[in-house]
Amino acid sequence: NAMLAWQRTSYHFQPEKNWMNDPDGPLFYKGWYHLFYQYNPDSAIWGNITWGHAVSRDLIHWLYLPLAMVPDHWYDINGVWTGSATLLPNGSIVMIYTGATTENVQVQNLAFPADPSDPLLLHWVKYEGNPIIVPPPGIGMKDFRDPTTAWYVASNSTWRIAIGSKVNKTGISLTYETSDFLSYQLLEGVLHAVPGTGMWECVDFYPVATTGKHGMDTSENGAGVKHVLKASLDDDKHDYYALGTYDVATDTWTPDDPEVDVGIGMRYDYGKYYASKTFYDQSKKRRVLWGWIGETDSELTDLEKGWASVQTIPRVVVFDEKTRSNLLQWPVEEVESLRTSHKDYKDIKMGPGSVVPINVGGTATQLDINVEFEVSKESLEGAIEADVGYNCSTSAGAGGRSVLGPFGLLVVADQTLSEQTAVYFYIGKGTDGNLQTFFCQDELRSTKAPDVLKRVYGSVVPVLPGEKLSVRLLVDHSIVESFAQGGRTCITSRVYPTEALYGAARVFLFNNATGANVTATSLKIWQLNSAFIHPYSF
Ligand code: DQQ
């Protein structure tokens, strides 16, 4: 089936076949990036969860390795679930993961590389004393999973890990302390809790520097540091983060703004994105974020394709020094090594109602696009009032016209626009004259296939005085990953066109606002090569 074959990505990581979900235990070791992932070796649907394994020199080209861990002990027989790696100062690796036991109890287990001198870390040994942690009193047997990378507490020479859970409808993160990674003690209270958010999966907890662009090792703390707390909400399947302060002495994390707490405020990504995890890349001194992009077609189609899910292009995460209220996410620079031919356009004028076809210099299925928009001063000043209460998800998407939006790009579109995925800005103007900018991605017309979940995704994006509106897009067959305003707001879509595929795919600029003159002041488009992602042969 040529249509389904086209959907396979060319430079995003995905296994050769079958089901994948969460990224697990990412780390950089002896010159290699390691990615483990939740993997079903037998089917394109979740089940029989093992740890798949792949290695890369540059986070873009990958070698598939044999399974790292399979369910073969009573403490993980129902699944080798999600976990994290900790690289100790002496260079050794501690891997802690959740196992689903014979009774489906969620316990935490320990594993080590069988041969630390092997840069590929092919073989893993599970600790004979597993499980190392079982659900404590008051915690549900099935609500206790996904240990974080450990951080070091110098004041008492111990390490701590966080584990997500819930109590009634309150999502929580518990902390355990250890000095040897073999025995653990539950610390009193919680690292953090947010009522109404339900089960916290895949908690992530790490420092970011409040000045400069460098990443921080997970154990860093002190002046000039904020801590990010992230939880993947089982109830609504989105990854929420917040910025705050970690008090080591009391082991509590407090959000900067209680209105923007974990699970009620910002998301890493407003599209199809879940169960993410960061690691500190000591070789390039950056913090790198992985995220799982699931499917939005049907399980039947996934079975027919023989595969399901991809990982995002790894993103560098830094604190946004300008807004001071959010993170910035940006594709790792290595993705730029795939760039081949280049098209550069300037000052493309788009009056209200215009659609401008763009020559991308080849096919439009593997692209890296950077575009900047400017709305004329007259349009902004002239507009009386428009939609400050706009909501991407409940809007009519690119087809819903207002004075100052929507405008942006149409990608994975066919010539007649019968299929299109819109990536757009939408400006609201309050009675007080203040502007509020929204960044959205509209999948409503992305395919004519009947069995696909199609949505409009998005949220507010902070725009500071004097800034143009900018967006970077990575298009890779069935994936559109977008980053607005340098990565303040990000959206990932899965798109499954029936016509806008292979050579028929096109890119357009559009302005569907009724009262805005918009100029694409700069539009840069690169064709991207396919990445080398193959089995490693022994
Ligand atoms: N996926 C894993 C769990 C985790 C969930 C099981 C999140 O450990 O909570 O495959 O997607």
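An account of the accompanying structure is given in this report. This structure is a prediction, so every number in the text was calculated from the model and none was measured. (Residues numbered from 1 in each chain as written. Predicted model: local features only at pLDDT ≥ 70, side-chain atom pairs only at ≥ 80, totals over all residues.)

1. Observations concerning the overall build of the protein chain
Logical step 1: Tallying secondary structure elements over the protein chain gives three helices and 38 strands in all.
Logical step 2: Rg of the C-alpha trace for the protein chain: 23 Å, near the compact-globule value of 24 Å for 538 residues, within the 12% margin.
Logical step 3: C-alpha atoms of the protein chain, sized along the principal axes, occupy 70 × 55 × 40 Å.
Logical step 4: Classification of the 538 residues of the protein chain by burial places 52% in the buried group. (Helix = DSSP H or I, 4+ residues; strand = E, 2+ residues; numbered from the N terminus. Rg over C-alpha atoms; globule rule 2.2 N^0.38 Å. Buried ≥ 20, exposed ≤ 12 C-beta atoms within 10 Å, placed from the backbone.)

2. Regarding the site of the ligand
Logical step 1: Neighbouring residues of the ligand: 14 residues in total, closest Gln 38, Trp 81, Thr 82, Glu 201 and Ala 275.
Logical step 2: Partitioned by chemical class, the residues of the shell around the ligand number five nonpolar, five polar and four charged. (Near = placed C-beta within 6 Å. Nonpolar A, V, L, I, M, F, W, Y, C, P; charged D, E, K, R; others polar.)

3. Notes on the environment of Gly 171
Logical step 1: Among the secondary structure elements, Gly 171 is positioned in strand E12 (residues 170-178).
Logical step 2: Residue Gly 171 is classed as buried on the basis of its C-beta count, with 29 C-beta atoms lying within 10 Å.
Logical step 3: On a C-alpha basis, the gap between Gly 171 and Ala 231 in space is 8.8 Å, while along the polypeptide they are 60 residues apart.

4. Some details on the pairing of strand E7 (residues 106-113)
Logical step 1: Burial within E7 is extensive, with seven of its eight residues counted as buried.
Logical step 2: Bridge analysis of strand E6 (residues 93-100) against E7 gives six bridges, and the strand direction is antiparallel. Each residue of the ladder has a partner; that of Ala 100, found in E7, is Gln 106.
Logical step 3: Taken together, E6 and the strand that follows it, E7, pair antiparallel across an intervening segment of five residues, in which Asn 104 is found at a positive phi of about 65°. (Pairing = 2+ DSSP bridges.)

5. Section: the sheet that holds strand E3 (residues 50-56)
Logical step 1: Strand order in the open sheet formed by six strands is E22-E1-E2-E3-E4-E38, and the pairing between neighbours is mixed. Single-partner strands in this sheet number two, and they are strand E22 (307-308) and strand E38 (533-535).
Logical step 2: Bridge count between strand E2 (residues 32-40) and E3: seven bridges; the pairing is antiparallel. The residue of E3 that forms the bridge with Tyr 33 is Ser 56.

6. Thoughts on unusual backbone geometry
Logical step 1: Geometrically, the link from Asn 130 to Pro 131 is a cis peptide bond, its omega value of -5° lying close to zero.
Logical step 2: Position of Pro 131 among the secondary structure elements: in the loop between strand E8 (124-126) and strand E9 (144-145).
Logical step 3: Following Gly 405, the chain continues into Pro 406 via a peptide bond in cis, with omega recorded as 5°.
Logical step 4: Turning to its location among the elements, Pro 406 is positioned in the loop between helix H3 (377-382) and strand E29 (407-413).
Logical step 5: A positive phi angle, near 55°, is found at Asn 168, a position not held by glycine.
Logical step 6: By secondary structure assignment, the location of Asn 168 is in the loop between strand E11 (158-167) and E12.

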